[in-house]
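# Coordinate inspection notes
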Amino acid sequence: MLATETLSEPRTSVPVAIAHGDGIGPEIMEATLAVLQAAGAKIEPRPIEIGERVYRSGLSSGIGDEALETLSATRLLLKAPITTPQGGGYKSLNVTIRKMYGLYANVRPARAMAPFVPTLHPAMDMVIVRENEEDVYGGIEHRQTADVTQCLKLITRSGSERIVRYAFEYARAHGRKRVSCFTKDNIMKITDGLFHRVFTEIAREYPDIENEHLIVDIGAARLATQPERFDVVVLPNLYGDILSDIAAELCGSVGMAGSANIGDEIAMFEAIHGSAPDIAGQGIANPSGLLNAAVMLLGHVGQGTIAKRIQDAWLCTIEEGIHTRDIFGAQSSRCVGTADFASAVIERLGRAPQRLSSPEIGRCTLPEMHVDTQAATTPEKVRVGVDMFIDWNEGKPERLAERLLALDARPMKLAMITNRGTQVWPRASDSTRCVDHWRCRFQSDARVDGAAIARLMAAVEAVGLETIKCEGLYTFDGVPGFSLGQGQ
Ligand code: NAD
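Notes on the structure in this doc start here. (Residues numbered from 1 in each chain as written. Predicted model: local features only at pLDDT ≥ 70, side-chain atom pairs only at ≥ 80, totals over all residues. Heavy atoms only, no water.)

## Here's the deal with the layout of surface pockets
Convention followed: Whether a set of points on the 1 Å grid over the protein atoms alone is a cavity depends on a 1.4 Å probe fitting there but being unable to get out, while an open set qualifies as a pocket with protein on both sides within 12 Å along at least five of seven lines; lining residues are those with an atom within 4 Å of a point. Grid points are joined across faces, edges and corners, and a volume is the space filled by probe spheres set on the points. A run of DSSP states H or I qualifies as a helix once it reaches four residues; a run of E qualifies as a strand once it reaches two. Both are numbered from the N-terminal end. Charged means Asp, Glu, Lys or Arg here, nonpolar means Ala, Val, Leu, Ile, Met, Phe, Trp, Tyr, Cys or Pro, and polar covers whatever is left, Gly included.
The calculated volume of the second largest pocket comes to roughly 670 Å³. As for the second largest pocket, its lining consists of 32 residues, of which Pro109, Arg111, Arg176, Gln311 and Pro359 are closest to the centre. For the lining of the second largest pocket, the secondary structure elements donating two or more residues are strand S4 (105-111), strand S5 (125-131), helix H5 (157-173), helix H9 (288-300) and helix H10 (304-319). Its residues assigned to classes, the lining of the second largest pocket comprises 18 nonpolar, 10 polar and 4 charged.

## Here we look at the pairing of strand S19 (residues 466-476)
Condition: The pairing criterion for strands is at least two bridges between them, as found by DSSP.
Across 10 bridges, the pairing between strand S15 (residues 381-391) and S19 is antiparallel. The residue of S19 that forms the bridge with phenylalanine 389 is lysine 469. Note that S19 and strand S20 (residues 479-480) share 2 bridges and pair antiparallel. Opposite threonine 475, over in S20, you have proline 480 as the bridge partner. Taking the residues that link successive antiparallel strands as the turn, the S19-S20 hairpin has 2 residues, and the phi of aspartate 477 there is positive, at about 50°.

## Here's the deal with empty space enclosed by the protein
For the structure on display, the rule yields 1 cavity of 30 Å³ or more. In this structure, the largest cavity spans a volume of roughly 30 Å³. As for the largest cavity, its lining consists of Arg108, Pro109, Ala110, Ile128, Ser244, Ala247, Ala248 and Ile272. Within the residue set of the lining of the largest cavity, elements represented by two or more residues are S4 and helix H8 (237-250).

## Describing H10
Counted only if it meets this: One fewer than the residue count of a helix, multiplied by 1.5 Å, yields its expected span.
Over its 16 residues, H10 runs 22 Å from end to end, which matches the ideal 22 Å to within 8%, given 1.5 Å per residue. The first or second residue beyond H10 is glycine 321, which carries a positive phi of 80°.

## Remarks on the pattern of salt bridges
This is how the line gets drawn: Should a side-chain nitrogen of Lys or Arg be within 4 Å of a carboxyl oxygen of Asp or Glu, the pair is scored as a salt bridge. Think of it in three bands: with a 1.4 Å probe and only protein chains considered, a residue is buried below 20% of the maximum accessible area for its type, exposed above 50%, and partly exposed in between.
Scanning the model with the defined rule gives 31 salt bridges in all. Among the ionic pairs, arginine 46 bridges to glutamate 44, the shortest N-O distance being 3.0 Å. The class for glutamate 44 is partly exposed, based on a relative accessible area of 33%. Taking the shortest distance from any N to any O, the salt bridge between aspartate 312 and lysine 308 comes out at 3.4 Å. Of this pair, aspartate 312 and lysine 308 both sit in helix H10, 4 residues apart, which is roughly one turn of that helix. We classify lysine 308 as buried; its relative accessible area is 18%. Among the ionic contacts, a cluster of salt bridges with common partners joins Arg178, Glu210, Glu212 and Arg229.

## Remarks on the packing of helix H1 (residues 25-39) against helix H11 (residues 338-347)
Note the cut-off: Angles run from 0 to 180 degrees between N-to-C directions of axes, and those axes are lines fitted to C-alpha atoms, restricted for helices to the stretch in contact. For classification purposes, an angle smaller than 35 degrees is called roughly parallel, one larger than 145 roughly antiparallel, one from 65 to 115 roughly perpendicular, and anything else oblique. Each crossing is labelled by how the near helix is turned from the far one, with a counterclockwise turn of less than a right angle marking it left-handed and a clockwise turn marking it right-handed. It only takes one pair of heavy atoms within 4.5 Å for two residues to be counted as in contact.
With their axes 9 Å apart at the nearest point, H1 and H11 run at an angle of 15° to one another. Here H1 is positioned roughly parallel relative to H11, judged by the angle of their axes. For the pair H1 and H11, the crossing hand works out as right-handed. Along its contact with H1, which presents Glu27, Ile28, Ala31, Ala34, Val35 and Ala38, the element H11 presents Thr338, Ala342, Val345 and Ile346. Looking at the contact of H1 with H11 residue by residue, the classes come out as 8 nonpolar, 1 polar and 1 charged.

## Looking at the site of the ligand
For clarity, the threshold we go by: Note on definitions. A residue lies near a molecule or strand when any single heavy atom of the residue is within 4 Å of it. Pairing of N or O atoms within 3.5 Å defines a polar contact, subject to two protein rules: one partner must be a possible hydrogen donor and the other a possible acceptor, and residues neighboring in sequence count only if both atoms are side-chain atoms.
Surrounding the ligand, one finds 20 residues, the nearest of these being Gly274, Ser275, Ala276, Asp278 and Asn286. In this structure, an oxygen atom belonging to the ligand sits 2.7 Å away from a main-chain N or O atom of glycine 274. The contact in question runs from an oxygen atom of the ligand to an N or O atom on the backbone of serine 275, over 3.0 Å. Residues of the shell around the ligand, tallied by class, amount to 8 nonpolar, 8 polar and 4 charged.

## Focus on the sheet that holds strand S1 (residues 14-19)
The strand order S2-S1-S3-S12-S11-S4-S5-S10-S8-S9 describes an open sheet built from 10 strands, whose pairing is mixed. Edge positions in the sheet fall to strand S2 (43-48) and strand S9 (210-215), since each of these pairs with one other strand and no more. Each strand axis lies, on average, 25° off the axis of its neighbour in the sheet, ignoring direction. Relative to S5, S4 runs antiparallel, the two being bridged by 7 bridges. Bridging across to S5, arginine 108 finds its partner in isoleucine 128. Relative to the sheet, helix H3 (residues 65-74) contacts S1, S2 and strand S3 (76-79), its axis offset from that of S1 by approximately 150°. Against the sheet, H8 engages S4, S5, strand S8 (178-183) and strand S10 (232-235), with an angle of about 155° to S5.

These figures capture arrangement, not role.
Shown next, in the form of structure tokens:
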């Protein structure tokens, strides 16, 4: 399904939008482009301006129309890190680009370079595949009461299917043996439960690849202590964000790893580290992260042979102990700056590493992968009630229940009240600490129409209670699509 594309290299150059970024960005980009040019990479750089200067010029997204046009035309971006100015009002440029262009997969290889770069885990060699668009990254947050804030976590079947399938396809195409999935579905049974269920379903289609699921807490603990036991790890967005940084750090330096953000139309490649303002302008930054990102880009556009040539030369440089300051130590032979590191890589083009293995470099996109954005069958969806969230701070839950029981809620009945997810009515523990945020569940045995909910809401407001929001309760083919209460 997915070719590694090392035989037929394209003859013409591929236009690539190039963002030099902030801080150490321009230095490492210059070094990276020098290596690409020397290696004969068939790319045509199209510089774009993004980042701090654009933010400070008043564009809260950090990217202007001209840059967006270039990006839409090239559909490829090699991006140096940027600085997000401190203070409110600035949007994360990465999140903007990911969402605007549907870059649903973040692929981050994390491989130890032992013994040349010290690490406690010399055998680690994993790839983290992080879902990039969903989860709590929608930025849908609200302050609801004087005391309570919320952040919405969205997990979709189609998004989960796409990222999980991507992880299995990636594993198959890159000769990897196992895909591990971490979720917290013992607590978030509906959202993380969906991701886990989709993982189990899709894993059946890949009998040649082993699969396992771990609860994210034990999974993270094992990843931090025995990273060598993992191969490909697929994760919802937030866990992936955190664990991919841990994995990079375990390898020995944040300056080494590249990453790819893949969408159906557009792909963005970058180092995993930031703009390192503490060392900017000194010519000492390690360009390896961006260089490895560029290697992934070349593989992605079918220039796998050139990509491998660069990878080999880079591995030779690392093996010979020619190191930038961040990885310089007893195992190193020469401490070099950014430009000299690039020159050392260029001098070694055409050589193969002696001790470090150099895998083939394949595409990161899956051209034949197709995932429907709609569920294959539409389940029968029936509304059976509403969770009404009320801002109230006047005493014990029984008093609130009394006021709600006095209202005509037909065809629903007040079924329970919870506070921060803990049931406080009809049964309660005296020691539950209650805040000003009450979920009042009204439920029926039969279908409930919207008018009944609107009537109930009006009745609640009419007695001086404030409804913060109403969340419909639905069954799907008879199965409740809502949590049943704490711990269930
Ligand atoms: P950072 O990754 O920039 O730096 C963390 C530490 O690692 C610093 O000590 C730095 O000197 C070192 N380091 C990072 N890259 C290095 C390299 N290539 N060579 C040698 N040492 C290197 O993280 P930070 O300090 O938290 O963030 C600085 C800025 O970068 C912030 O404005 C942040 O918003 C931004 N940032 C951007 C991106 C991105 O553009 N993708 C990612 C992360 C952070």
